[in-house]
Amino acid sequence: MFWSYLTVAYRHLIKHKVFAIINVLGLSIGMSCCMLIFLFVQHELSYDTFHPNGSQLYRIVYHANNGSDYARVPPPLAPLVASELSGVQATARVYGRDISVSIPDASKLSSVQDFEESDVFMVDSSFFKLFELEFLAGEKHENLSGAQRLILSEELAAKYFGEYWQQRDVLGRTLMLEGEHPYQVVGVVKNFPETSHFSFKVLLPYNDMFALADKERRDDMRNNLAQNWVISHSHSYVLLEEKASVEEANKGMERLLNTHAPEALRLGQSFTLQPIQDIYLNPDVELNPGPTSDMAYIYTFAAVALVTLLIACFNFINLSTAQSLRRGKEVGVRKVLGANKPQLLLQFLGESLLISFLSLLLSVLIVSSVLPEFNSLTQKNFVVQQLTEGPVLLAFLGVFLLSGLLGGSYPAFYTTHINLARVLKNKSPLNHKIQRFSLRQVLVFIQFTMSIMLIAGTVIIFQQLRFLQSQSLGFDQEAIITIPLYSENMNNVFGAGSADMRQKMNTFEERLLTNVGVQSVTLSSGAPGLSIVARRVEPEGVSTEGRLFVPTMSVDYDFSETYGLEIVAGRDFDIAAGADHLESFIVNEAAVKNFGWGSAEEALGKRIELEGKEGYVIGVVNDFHYTSLHNPVSSLIMGVSVPLFNTFSVKIEGSELGETIDMIAEEWKNFFPHKAFEYHFLDDQLAQAYLSEERLGDIIAIFALLAIFVSCLGSYGLALLVAKQKEKEIGIRKVLGASLSHILGMLTRGYFLLLVLASGLAIPLTYWGMASWLENFAYRTEMSWWLFGIAILLVMFIATFTISYQTIKTAVANPVDALKDE
């Protein structure tokens, strides 16, 4: 019997090749979308699941009194948690920074001697109790005890000492950090998996952060960090005992804050434990050691993939159901010969599963071939071998069964209810009551709704991205390169500078300005639109109780000129004034408003105390976006503080861009040999803030196109079947004088009625969903009616184009051909 069913199914597919191709191609595209998104979702949900003690591992989150949540916490907290709270096995602080590395004997090992490395982590010795590391060279018990010792990742060992580094005597090698600090390699460890919320290249002792700082600032930094309860400094991890209570640990940290922190800093801030497996998908916490994602994106991608699969299944159901009407005599004969309902169900479900299986094989080929492009789109590293892993194979099997059963259940049920007497009388196989219920119309309605939502959502996403890209940031960003003066470290907070360093900076700036390709040069504590530090501020007339933290920038005298900022009241910093670096501030318009100072002119002369430095407002600058457009412009205070300078901004011009940058690099080596030269174009750096939204738009656009293509396949097949069913009716109408337009209207008006109804549902659903997404942006585009109009017109055009060929072909056919077999 099985072979009989298989033979019938094969013959049916061969006889109706067009419908078989439409079903197989549509289902395979839907399956491919689901499998690609499954790989992505599985990857996103697997972050930090590889830790053996992951269920007991937490990170401390700092809820600051400015309303923000930070992944970095004050340094004094973690040791107190370890020593004074019950239920805590160990804690470890992790401080990440960039660092310049050189290899003394690099000529024998590498053609490049100087490197600027990110993800250099300074860790407590207890780090090795919390995180399991696989040592490829060296012994774990040695870890980092002793002075000037470091551990390399496998990636960096291969970079410095060659692919076959294990054949070299890597242990004991010396690396020079920051140009003057020799460190000995005591271990090489396997890289953390890609699914870790942080990755490291170098591990150093935690307290070596002071040894690597400028000599003039080491003691100040050490003393400050030992008692600083407001700085967002170190990522701090906690390993709880197996049955310890997280709630009790949170309460214990509140007690520690009230016991050890200065009274003025206790109000408005708190600390809580966050499970390590929740870190990656929690983008609301700032200052993470690596990139984060958002569950909203996962839900969106999964929904789009599911929609594509459902559209393919709906096509399958529609075509199978419509075709089953033409198989009434076959079913009738089988019933006469004794076939019962279970046998008929098995036959038709078997045919459905066969089509689903063929689609599965094709989808495996599609996924394998497009995986490199998918990796480029998602910035992941999926490999074909992952398709053979257990969870992926189970997912493939699940999609195969879901598609086959979902696509074949209703047609199978439909055909088993065929009225035998009506079939043998050559009438419609179903009675009038069942015919009035059209699942086909419901499914086409859902397809139109989904298509409109996908297109409208894609249009709105790209509209928002264009809005962000065209939004004025309030400062010049074109043709500006930024050059970090120090490796990314706590100099960004504490600063580091001496009279000798200031002299070098000034002379370097003067040398650059002698080149015709350099228009201007300035120094600051950071470039606009990138990172910024909030500091404790007491503005005149504002009751703060020492708890007001305001974003601040330290800028040089030519900063406003270089970035094209507008002084709306007062004056700019002026070196000729003599004391601007000691007692002068410039604020933005938002600060004037938030501090209640009235107009910009009225703000001039107002007193500000910034962490012990007292001064007065000498100017008000226009509001510019010193952070990304995800956040509104808030108060900003600028002052001239040379020790905090850490970034050169160079405005370049002319056509010889490469030569100008080469000149800058050469001068850099002369003045700052301790720091590897690196530069970035500011507009490229600013664009990085919107990469996740750009990838979201690209993914949804591609999957929307695939979903619409699948929908077109189904619409074409359905139009072909409907035209075949109405062939004789059309012939009779033409004989009786019906016009071409009348026949076209008869064949297509049902589609357009469903499209109108689908628009009525799709518009409010899309508006609600996209309004929620746009809430993530402080500056967002308006969802105008024409955006939805574009989606509706596009779906209407695609539907018309899809069904018009077969409809017109049927309408213009010779009626004799349709009627002669009677």
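About the thresholds
Residues numbered from 1 in each chain as written. Predicted model: local features only at pLDDT ≥ 70, side-chain atom pairs only at ≥ 80, totals over all residues. Heavy atoms only, no water. Helix = DSSP H or I, 4+ residues; strand = E, 2+ residues; numbered from the N terminus. Contact = heavy atoms within 4.5 Å. Areas by Shrake-Rupley, 256 points an atom, 1.4 Å probe, with all protein chains shown as cover. Pairing = 2+ DSSP bridges. Axes fitted to C-alpha atoms, helices over the stretch in contact; angles between N-to-C directions. Buried < 20%, exposed > 50% of the residue type's maximum accessible area, 1.4 Å probe, protein only. Lys, Arg positive; Asp, Glu negative; His and termini not counted. Salt bridge = Lys/Arg side-chain N within 4 Å of Asp/Glu carboxyl O. pLDDT = per-residue confidence, 0-100. Core = buried A, V, L, I, M, F, W, Y, C linked by side-chain atoms within 4.5 Å. Patch = residues over 30% accessible without salt bridge, like charges linked within 9 Å, V, L, I, M, F, W, Y side chains within 5 Å. Polar contact = N/O pair within 3.5 Å; in protein donor to acceptor, adjacent residues only side chain to side chain. Left-handed = near helix turned anticlockwise from the far one by under 90°. Nonpolar A, V, L, I, M, F, W, Y, C, P; charged D, E, K, R; others polar.

Considering the overall build of the protein
Here comes step 1: A tally of helices and strands in the protein yields 29 helices and 22 strands.
Here comes step 2: The long-range share in the protein, meaning contacts at least 24 apart out of those at least 6 apart in sequence, stands at 80%.
Here comes step 3: Carbon and sulfur atoms make up 56% of the accessible area of the protein, which totals about 37,300 Å².

What about the sheet that holds strand 21 (residues 647-652)?
Here comes step 1: With antiparallel pairing, four strands are arranged side by side in an open sheet as 13-21-12-22. The two strands at the open ends of the sheet, each matched to only one other strand, are strand 13 (518-524) and strand 22 (680-681).
Here comes step 2: Here strand 12 (residues 480-484) pairs with strand 21 via five bridges, running antiparallel. Residue pairing in the sheet places I481 in a bridge with V650 of strand 21.
Here comes step 3: With respect to the sheet, helix 18 (residues 499-513) is in contact with strand 13 and strand 21, its orientation differing from that of strand 13 by roughly 165 degrees.

Regarding the side chain of D208
Here comes step 1: Tracing the chain through its elements places D208 in helix 7 (residues 208-211).
Here comes step 2: With no salt bridge to any partner, buried D208 finds its closest opposite charge in R222, at an N-O distance of 8.0 Å.
Here comes step 3: When near neighbours in sequence (up to four residues on either side) are disregarded, D208 contacts M122, Q148 and Y183.

Some points on the confidence of the model for the protein
Here comes step 1: A residue-level look at the protein finds 82% of positions with pLDDT of 70 or above and a mean pLDDT of 81.
Here comes step 2: The least confident element of the protein is helix 15 (residues 432-436), whose mean pLDDT is 44; the most confident is strand 10 (residues 235-240), at 95.
Here comes step 3: For the stretch residues 430-437, pLDDT sits under 50, and the model shows nine contacts to residues farther than four places along the chain or on other chains.

A closer look at the pairing of strand 6 (residues 149-153)
Here comes step 1: The element strand 6 is largely enclosed, with a buried count of five among its five residues.
Here comes step 2: Of the two faces of strand 6, the one holding R149, I151 and S153 and the one holding L150 and L152 are both buried throughout.
Here comes step 3: Alignment of strand 6 against strand 8 (residues 181-189), held across five bridges, turns out to be parallel. If you follow L152 over to strand 8, its bridge partner there is V188.
Here comes step 4: As paired elements, strand 6 and strand 9 (residues 202-205) share two bridges and run antiparallel to each other. Its bridge partner being in strand 9, I151 is matched across the sheet by L203.

Observations concerning unusual backbone geometry
Here comes step 1: Positive phi, close to 65 degrees, is recorded for L287, a residue that is not glycine.
Here comes step 2: Exposure remark for L287: the relative accessible area of 34% places this residue in the partly exposed category.
Here comes step 3: Located in the positive-phi region is A479, a residue other than glycine, with phi close to 60 degrees.
Here comes step 4: Within the element layout of this structure, A479 appears in the loop between helix 16 (439-470) and strand 12.
Here comes step 5: For A479, a relative accessible area of 33% puts it in the partly exposed group.

Considering the nonpolar core
A general trend in soluble globular proteins is that nonpolar side chains are found buried together.
Here comes step 1: Residues F448, F624, M638, F648, V650 and F672 are the most contacted members of the largest nonpolar core, which totals 122 residues.
Here comes step 2: For this core, the element with the most residues is helix 10 (residues 295-324), which contributes 13 residues.
Here comes step 3: In contact with F448, other than residues within four places in its own chain, are Y751, L754, L755, A758, V795 and A799.
Here comes step 4: Judged by nonpolar contacts, the second largest core, of 31 residues, contains V170, Y183, V188 and V202.

Regarding a nonpolar patch on the surface
Here comes step 1: Among the surface-exposed residues, L394, L397, L401 and L405 lie close enough to one another that they form a single nonpolar patch of about 360 Å² accessible area.
Here comes step 2: The exposure class of L394 is exposed, given its relative accessible area of 60%.

With respect to the pairing of strand 3 (residues 88-102)
Here comes step 1: Of all 15 residues making up strand 3, 13 are buried, and the element is well covered by its neighbours.
Here comes step 2: Direction of pairing for strand 3 relative to strand 10: antiparallel, over a ladder of six bridges. Bridge pairing in strand 10 links R93 to S236.
Here comes step 3: In the sheet, strand 3 pairs with strand 4 (residues 114-123) via eight bridges, with the strands oriented antiparallel. Looking across to strand 4, one finds that V94 is bridged to V123.
Here comes step 4: Relative to strand 7 (residues 174-177), strand 3 runs antiparallel, the two being bridged by two bridges. Among the inter-strand pairings, V101 is bridged to a residue of strand 7, identified as L177.

Notes on the environment of E540
Here comes step 1: For E540, the position within the fold is in the loop between strand 14 (533-539) and strand 15 (549-554).
Here comes step 2: In sequence terms E540 and K606 are 66 residues apart; their C-alpha atoms lie 6.1 Å from each other.
Here comes step 3: With near-sequence residues (within four places) excluded, E540 lies in contact with W597, G605, K606 and R607.
Here comes step 4: Of note is the side chain of E540, whose polar atom sits 2.7 Å from the backbone nitrogen of R607.

So, the packing of helix 3 (residues 77-84) against helix 9 (residues 246-260)
Here comes step 1: At a closest axis distance of 10 Å, the pairing of helix 3 and helix 9 adopts a crossing angle of 115 degrees. Of the two possible hands of crossing, helix 3 and helix 9 adopt the one that is right-handed. Here L77, L80, V81 and E84 of helix 3 come into contact with helix 9, specifically with M253, L256 and H260.
Here comes step 2: When the residues that make up the contact of helix 3 with helix 9 are grouped by side-chain class, the tally is five nonpolar, one polar and one charged.

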